[in-house]
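Here are the chains, one letter per residue:
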Amino acid sequence: MPEVKPYWKNYIDGAWVDGGSGKLTVENPATGEKLAEQAIASAADVDRAVQAAKRVYLDEAWAGLRPVERSRKVQAMGRYLLENLHEIAELLTLEQGKPYWEAVIEIEGSARYFEYYGNQAETVEGRSIPLGDGYFDFTTHEPMGVSAQIIPWNYPVEMIARGIAAALATGNACVVKTAELTPLSAAYLALAGEYAGLPQGALNILCGHGHEAGAALSGHVDVNQIVFTGSVKTGVAIASAAAKNVVPCVLELGGKSAAIVHADANLDAFETDIRWGIYFNAGQVCSAMSRIIVHESIHDDVVERASKIAGSLSVGAGIDRREVGANMGSMVSLTQRDRAASMIRAAEGAGAIIAAGGRPLNVPGAFLDPTVLTGVTQDMTIANEEVFGPVLSVLKFKNDAEAIQMANATPYGLVGGVFTRDIDRATKAATKIRAGQVFVNEWFAGGVETPFGGYGKSGYGREKGREALWNYVQTKNVAIKLA
Ligand code: ADP
């Protein structure tokens, strides 16, 4: 087991500091053992971080730079992550539970955000609006100011990278609150900022309890913009606090996303979508393929394939799973694992059938067998509520209209998918699925470049792509009366 530093501090105004609310213990979910201690920020710590960010923003030390200068620094942050890839990935694995190779993918993905948004820094241009003789009018896009980012535990590095890369590229200063379960690897983002030469106070990273530091940050009067990824309940609390200060939010609140699989789909290829769609990161992915809505004529074949994939995954400690392959790590915590297991039991009680997995592993650690549930109908809780675990629900349809109706029947609308060789059918479905992103014939098709965000209870605003830039800037119009 790699050595882990026993105590990790918060990073406020360019200094590593203790927490005003003491420390918390971070556990390794694969063993249940203590991994390290993390400083816990108080509301006063949050205030110092916000004041530091505000100072940077107002004195133009960052926002006033020529965009190419910001671009180079943002890109350097990504290079730092890649240069320290192995060290960060090991720590991430130990605190979060995912296999080491998945942690490597997460760090590489994080670096990609810095590359992409570093590149975009120079592209945020305004326009000139004709007002007739005697006037000259133009628009500019100015940074929002202090961007607050409240981070979940499923991608503790990548979620920070996604937000701060775009926020910094557009000239904002950031205060990041990490999740209580996974605060450690975030320290490397602060180190990346130091390596890149960000002005002191431009990037603050602290851990604290949601109800204390999180609430202090989301309700702070000097925060100008908030980005949150997490549960609907917490999203509502954050948006309500932000509303009191008239502060805009971007909320990404999960989903219950469905793949519609038609009789003519390439099922050999679809096996890969099952493997990645629901078992990557042990299903703890907002855009997981947690429902398959399959045509009745191929239902049994798809269930057999899904069960074969679930059964083929070796489940165990992420740190021992070094190579890309048929394996899965632990979930993030016993609480999350037990919640998922109880949802499976409730589904069974409601009439669903366990085709694969379905039980916690009888060893220490937050392990759950990769699970496939059949006989699921859209009226069941399991078809509507997010499990956030390696649990796939399979539903049947008879005709296209019914498939779309089922896909759209949850309160969520993050992503959706359609699998068919018929381009007309796929295109029609894509227009009818109420979700921010539709995958045709490959779950997770797209990348940093493609906008991501939800309809309905999945939230509002968009992350990724050029769309995300507009979260972090406000438009100013300048109208000049010429003499
Ligand atoms: P989970 O319940 O799975 O931990 P949450 O959505 O509650 O998911 O947590 C995501 C992030 O939101 C964490 O960083 C957490 O500390 C933070 N958080 C929780 N409650 C609040 C709150 N009331 N205000 C602000 N942030 C919060």
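Presented here is an overview of the structure given in this document.

## Observations regarding the overall build of the protein chain
Along its length, the protein chain carries 13 helices and 22 strands. Rg of the C-alpha trace for the protein chain: 23 Å, near the compact-globule value of 23 Å for 483 residues, within the 12% margin. Dimensions of the protein chain, computed from C-alpha atoms along their principal axes, come out at roughly 75 × 60 × 40 Å. When the 483 residues of the protein chain are sorted by exposure, 59% land in the buried category. Long-range pairs, those at least 24 residues apart, make up 73% of the contacts in the protein chain with a sequence separation of at least 6. Accessible surface, the protein chain as shown: approximately 18700 Å² in total, 52% of it carbon and sulfur. The positive charge centre, built from 43 side chains, and the negative charge centre, built from 54, are 4 Å apart in the protein chain.

## A look at the layout of surface pockets
Put simply, the largest pocket is a space of about 770 Å³. Forming the walls of the largest pocket are 32 residues, and the residues nearest its centre are Trp 153, Phe 228, Gly 230, Ser 231 and Thr 234. Along the lines of polarity and charge, the residues of the lining of the largest pocket split into 16 nonpolar, 11 polar and 5 charged. When residues of the lining of the largest pocket are sorted by domain, at least three fall in each of domain 1 (7-252 + 459-478) and domain 2 (257-445). Taken as a whole, the second largest pocket spans an internal volume of roughly 640 Å³. The wall of the second largest pocket is formed by 25 residues, among which Tyr 113, Glu 158, Phe 280, Phe 444 and Lys 464 lie closest to the centre.

## What about the state of the cysteines?
A covalent bond between the sulfur atoms of two cysteines is what we call a disulfide. Under the defined criterion, the tally for this structure stands at 0 disulfides. Not part of a disulfide, Cys 174 finds its nearest cysteine sulfur in Cys 249, a span of 15 Å.

The rules behind each value
- Residues numbered from 1 in each chain as written.
- Predicted model: local features only at pLDDT ≥ 70, side-chain atom pairs only at ≥ 80, totals over all residues.
- Heavy atoms only, no water.
- Helix = DSSP H or I, 4+ residues; strand = E, 2+ residues; numbered from the N terminus.
- Rg over C-alpha atoms; globule rule 2.2 N^0.38 Å.
- Buried < 20%, exposed > 50% of the residue type's maximum accessible area, 1.4 Å probe, protein only.
- Contact = heavy atoms within 4.5 Å.
- Areas by Shrake-Rupley, 256 points an atom, 1.4 Å probe, with all protein chains shown as cover.
- Lys, Arg positive; Asp, Glu negative; His and termini not counted.
- Charge placed at Lys NZ, Arg CZ, Asp CG, Glu CD.
- 1 Å grid on protein atoms, 1.4 Å probe; cavity = no way out; pocket = protein on both sides within 12 Å on 5 of 7 lines; lining within 4 Å.
- Points joined across faces, edges and corners; volume = space filled by probe spheres on them.
- Nonpolar A, V, L, I, M, F, W, Y, C, P; charged D, E, K, R; others polar.
- Domains from an automatic or database assignment.
- Disulfide = S-S within 2.5 Å.

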